[in-house]
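# Breakdown of the fold
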Amino acid sequence: MKYDYIVIGGGVIGMTTSREIAARGATVAVIDRKNVGNEASKVAGGILSSMRPWDENPDSNKLSEESKKNYPDFVSNLEEETGINVELIKSGLIIINKEHSDSTKKWAINNDIKLIKKINNKNFKKNLPAYSIFLPEIYQIRPPLLLNALHQSLKKYLVDFFENSIVSHIETKNNKFEFIVLDNKKKLYADNLIITAGAWSNLLLGSINTSINIKPIRGQMLYARLKNLKIDNIILDSGNYLIPRLDGHILIGSTIEDVGFVNKTTQVAREELLNWVYSLVPKDSDLDILKHWAGLRPAVDAGKPMIGVLSNFENIYINTGHYRKGILQAPASAKLLVDFLFHIKSFMDIDKFSPKNTNKLQKIQY
Ligand SMILES: Cc1cc2nc3c(=O)[nH]c(=O)nc-3n(C[C@H](O)[C@H](O)[C@H](O)COP(=O)(O)OP(=O)(O)OC[C@H]3O[C@@H](n4cnc5c(N)ncnc54)[C@H](O)[C@@H]3O)c2cc1C
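Small disclaimer: the values here were computed from a predicted structure and weren't measured.

## Notes on the pairing of strand 15 (residues 316–320)
Of all five residues making up strand 15, five are buried, and the element is well covered by its neighbours. Neither face of strand 15 is exposed, since Ile316, Ile318 and Thr320 on one face and Tyr317 and Asn319 on the opposite face are all buried. Summarising the sheet, strand 8 (residues 187–195) and strand 15 pair through three bridges and their orientation is parallel. The residue of strand 15 that forms the bridge with Ile195 is Ile318.

## Quick look at the site of the ligand
For the ligand, the set of nearby residues contains 35 residues, the closest of which are Asp32, Ser41, Ile47, Tyr323 and Leu328. A distance of 2.7 Å separates an oxygen atom of the ligand from a polar backbone atom of Tyr323. A total of 1000 Å² of accessible area belongs to the ligand in isolation, and the protein chains cover 97% of it. Mapped onto the shell around the ligand, the elements with two or more residues apiece are helix 1 (12–23), helix 2 (40–43), strand 9 (214–226), strand 13 (287–300) and helix 8 (326–341). The class makeup of the residues in the shell around the ligand is 17 nonpolar, 12 polar and six charged.

## What to know about the environment of Ile344
Looking at where Ile344 falls in the secondary structure, it is placed in the loop between helix 8 and helix 9 (355–358). With a relative accessible area of 44%, Ile344 lands in the partly exposed category. Apart from the residues lying within four places of it in its own chain, the contact partners of Ile344 are Arg24 and Asp339.

Criteria and thresholds
Residues numbered from 1 in each chain as written. Predicted model: local features only at pLDDT ≥ 70, side-chain atom pairs only at ≥ 80, totals over all residues. Heavy atoms only, no water. Buried < 20%, exposed > 50% of the residue type's maximum accessible area, 1.4 Å probe, protein only. Helix = DSSP H or I, 4+ residues; strand = E, 2+ residues; numbered from the N terminus. Pairing = 2+ DSSP bridges. Near = heavy atom within 4 Å. Polar contact = N/O pair within 3.5 Å; in protein donor to acceptor, adjacent residues only side chain to side chain. Areas by Shrake-Rupley, 256 points an atom, 1.4 Å probe, with all protein chains shown as cover. Nonpolar A, V, L, I, M, F, W, Y, C, P; charged D, E, K, R; others polar. Contact = heavy atoms within 4.5 Å.

In short, the description is geometric, and any link to function would need to be established separately.
Here it is, written out as structure tokens:
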């Protein structure tokens, strides 16, 4: 069989893109070298907001805002299709870092975003700083549940999965993708190929003599039980945050580490994250660490994802480089790419994310 599309990489970006395609009636095969949904997407916090909106690339911000607007509908369709509750909750976000709260305040006012300056302090060791601000409209989602729902939804759309499959060759001819050979020698044919392999995307492209500026940036996180303290809102302090889950547990995140493809947890990070959280909650608050995990974010120099056709090929596309916002930006990124594939005018110009524009070296702060 020849598919309309082959998608390599079954994280949140690959599965959301595949679902958008399948929902429009085209056939899709998803290939992953592991089980789908087991890399960066699974370990994410699931905050549906940019961490530094005032400082972001404007195109990336527009993509985030489009996703934010559509997330409730995206989730309600997914939940209806699969019966899986993905725990989309409006937990709001409190920013406690002075510089960030001042800048976010200005940004929120300019962009008509609701914010509140009076914070409820009852659950914290000391009063949160007076300059803290609260953005009440921010949602969070539980990424492993989202990935499971996407996987189940794709099965309903009759998408074929090739999991635990290594791509050993990508055949191209006259600048066109022809077929893929898997490690078990199976050949898969399609009219189009989409690469959504997250931090590993460039490694795949090497086999077709193409290169993009993308690198892995490790993030570590703790999942903890906080027995005698209930926290209702996400707390953000510069790069660190605390996310209260519906089960009463909290996530404490996250580190930003440029260590290549080393996807391991470290004692140093565990202590750093714990020190930070104990600066907020009382020492005797009975905090049990239940899990400690790490993941590799796909970071790009341009500070915005790469979405579109690869310059040297007619039918090979990319959707990657979402760095700290892949869960947030997945629905809008998928829509933008698939509108382009189906020749439909989209909510913004895909050229803003085209690899030919985003693949330039610029100095951004990871
Ligand atoms: C600690 C942490 C916290 C985060 N918190 C948030 C947050 O709160 N909000 C938010 O929006 N984002 C957050 N992110 C970022 C988000 O997780 C990523 O931007 C997003 O998951 C990227 O999705 P992806 O599908 O591109 O990559 P991945 O989820 O990494 O998926 C890539 C897939 O490609 C597969 N693959 C790779 N190479 C190959 C190959 N050669 N052949 C076949 N398959 C291959 C992998 O196995 C994997 O399944 C966080 C990330 C981390 C690490």
